[in-house]
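Notes for the structure review
Single-letter residue listing:
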Amino acid sequence: MAEPLRVGVLASGSGSNLQAIIDACRDGAVPARVVVAISNVPSAFALERARRCGIPAYAVDHTGYPSIDRFESAVREILEAHRVGLVCLAGFLRILSPRFVGAFAGRIVNIHPALLPAFGGKGMYGERVHRAVLASGARVSGCTVHFVTAVPDGGPIVAQATVPVEEGDTPATLAARVAGAEHRLYPDAVRLFAEGRLRLDGDRVRVGPPTGPGLVPEGR
Ligand code: GRF
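A short tour of the structure in this document, coming up.

Rules behind the numbers
- Residues numbered from 1 in each chain as written.
- Predicted model: local features only at pLDDT ≥ 70, side-chain atom pairs only at ≥ 80, totals over all residues.
- Heavy atoms only, no water.
- Helix = DSSP H or I, 4+ residues; strand = E, 2+ residues; numbered from the N terminus.
- Buried < 20%, exposed > 50% of the residue type's maximum accessible area, 1.4 Å probe, protein only.
- Lys, Arg positive; Asp, Glu negative; His and termini not counted.
- Salt bridge = Lys/Arg side-chain N within 4 Å of Asp/Glu carboxyl O.
- Polar contact = N/O pair within 3.5 Å; in protein donor to acceptor, adjacent residues only side chain to side chain.
- Contact = heavy atoms within 4.5 Å.
- 1 Å grid on protein atoms, 1.4 Å probe; cavity = no way out; pocket = protein on both sides within 12 Å on 5 of 7 lines; lining within 4 Å.
- Points joined across faces, edges and corners; volume = space filled by probe spheres on them.
- Nonpolar A, V, L, I, M, F, W, Y, C, P; charged D, E, K, R; others polar.
- Near = heavy atom within 4 Å.
- Areas by Shrake-Rupley, 256 points an atom, 1.4 Å probe, with all protein chains shown as cover.
- Sits in = over half its atoms within 2 Å of the grid points.
- Phe/Tyr/Trp six-rings, centres within 6.5 Å; stacked < 30°, edge-to-face > 60°.
- Arc of directions from axis to C-beta.

Some words on the side chain of Glu182
On the secondary structure map, Glu182 appears in helix H6 (residues 171-194). Buried and without a salt bridge, Glu182 has Arg184 as its closest oppositely charged side chain, separated by 10 Å. Within the local environment of Glu182, its side chain forms a polar contact with the side chain of Asn17, the two groups lying 3.5 Å apart. Among all residues touching Glu182, those that are not within four sequence positions of it are Asn17, Ile111, His112, Pro113, Cys143 and Pro187.

Structure below.
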């Protein structure tokens, strides 16, 4: 039997999405295995979650590197050493260079806590996103898993889920509702990738029948 897809997760914070992916892989819902977690924040709870699950966890503190290039090389070396087939950004608060993204083209995804292409882009993270959604008067919000390109939050969309915006919502109550949706959506998007069901068609992602781990090669 083929080895399950090897997933590496990059996170800067609490790591609840990391946990959701680990759990879904472990309970058999997703034919993949989280083989490494990396954080640029040494105190991130995400690292602790990985360790508790027996998954190698590395702190790569960006402030300790003389350049973005050196920081990213360190992250890349770890991902490569663990033979990662898919990189999942899960609350990773560093914008990655085109060079890094290019090295993992078609093998790197992110989750964003809103319905892209709205409420995304540089500076749109964490509470700011939910604050902007509430200020807009939108009646729905949600989350988006997308392939990562050099454009922040701009890559092809893999999957989305919606949640209602309710009367009296605060950024915190909306964030909590969106987080619940994220914990279902992200593992499911990883499953689609792991089953080889995702195909890039220009700027769009098509979902087809299973073909085996990874992105379906162009032209198939
Ligand atoms: C999530 O809301 C995700 O959409 C965003 O960062 C947050 C990470 O939360 N990119 P957690 O660390 O997974 O709990």
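Next, the rest of the story.
Here we look at empty space enclosed by the protein
A complete count under the given rule lists one cavity of 30 Å³ or more for this structure. Approximately 40 Å³ is the volume found for the largest cavity. In terms of lining, the largest cavity is formed by Leu86, Val109, Val145, Phe147, Val158, Ala189, Val190, Phe193 and Leu198. Counting only elements with at least two residues in the lining of the largest cavity, the list comes to strand E6 (140-147) and H6. Top element by residues in the lining of the largest cavity is H6. It accounts for three residues. Looking at the lining of the largest cavity, its residues break down into nine nonpolar, no polar and no charged.

Some points on the site of the ligand
The local shell around the ligand consists of Gly13, Ser14, Gly15, Ser16, Asn17, Gly91, Ile111, His112, Pro113 and Glu182. In this structure, an oxygen atom belonging to the ligand sits 2.8 Å away from a main-chain N or O atom of Gly15. Between a nitrogen atom of the ligand and a main-chain N or O atom of Ile111, the distance comes to 2.9 Å. Protein contacts shield 78% of the accessible area of the ligand, which totals 370 Å² for the unbound molecule. When atoms are counted within 2 Å of each cavity's grid points, the one that captures over half of the ligand is the largest pocket. Breaking the shell around the ligand down by element, the ones donating at least two residues are helix H1 (16-26) and strand E5 (108-112). For the shell around the ligand, a count of residues per class yields two nonpolar, seven polar and one charged.

Some words on the layout of surface pockets
In this structure, the largest pocket occupies an estimated 910 Å³ of space. Contributing to the lining of the largest pocket are 38 residues, with Gly91, Phe92, Leu93, Ile111 and Tyr125 lying nearest its centre.

Quick word on the packing of aromatic side chains
On inspection of all chains with the given rule, the structure shows three aromatic pairs. When the centroid spacing of 6.1 Å and the interplanar angle of 65° are considered together, the rings of Tyr65 and Phe71 count as edge-to-face. Owing to a relative accessible area of 32%, Tyr65 belongs among the partly exposed residues under this scheme. With 5.1 Å between their ring centres and 40° between their planes, Phe100 and Phe104 make a pair best called tilted.

With respect to unusual backbone geometry
For the bond from Leu116 to Pro117, the omega torsion is 10°, close enough to zero to count as cis. Within the secondary structure, Pro117 sits in the loop between E5 and helix H5 (127-136). Positive phi is not limited to glycine here, since Asp153 has a value of about 65°.

Examining H5
Turning to H5, its buried residues number three or more, namely Val129, His130 and Val133. Angular distribution of buried residues about the axis of H5 spans 90°; they occupy a single face of the element. Summarising the contacts, the buried residues of H5 are in contact with E5, E6 and H6. Just downstream of H5, Gly137 is the residue with a positive phi angle, here 80°.

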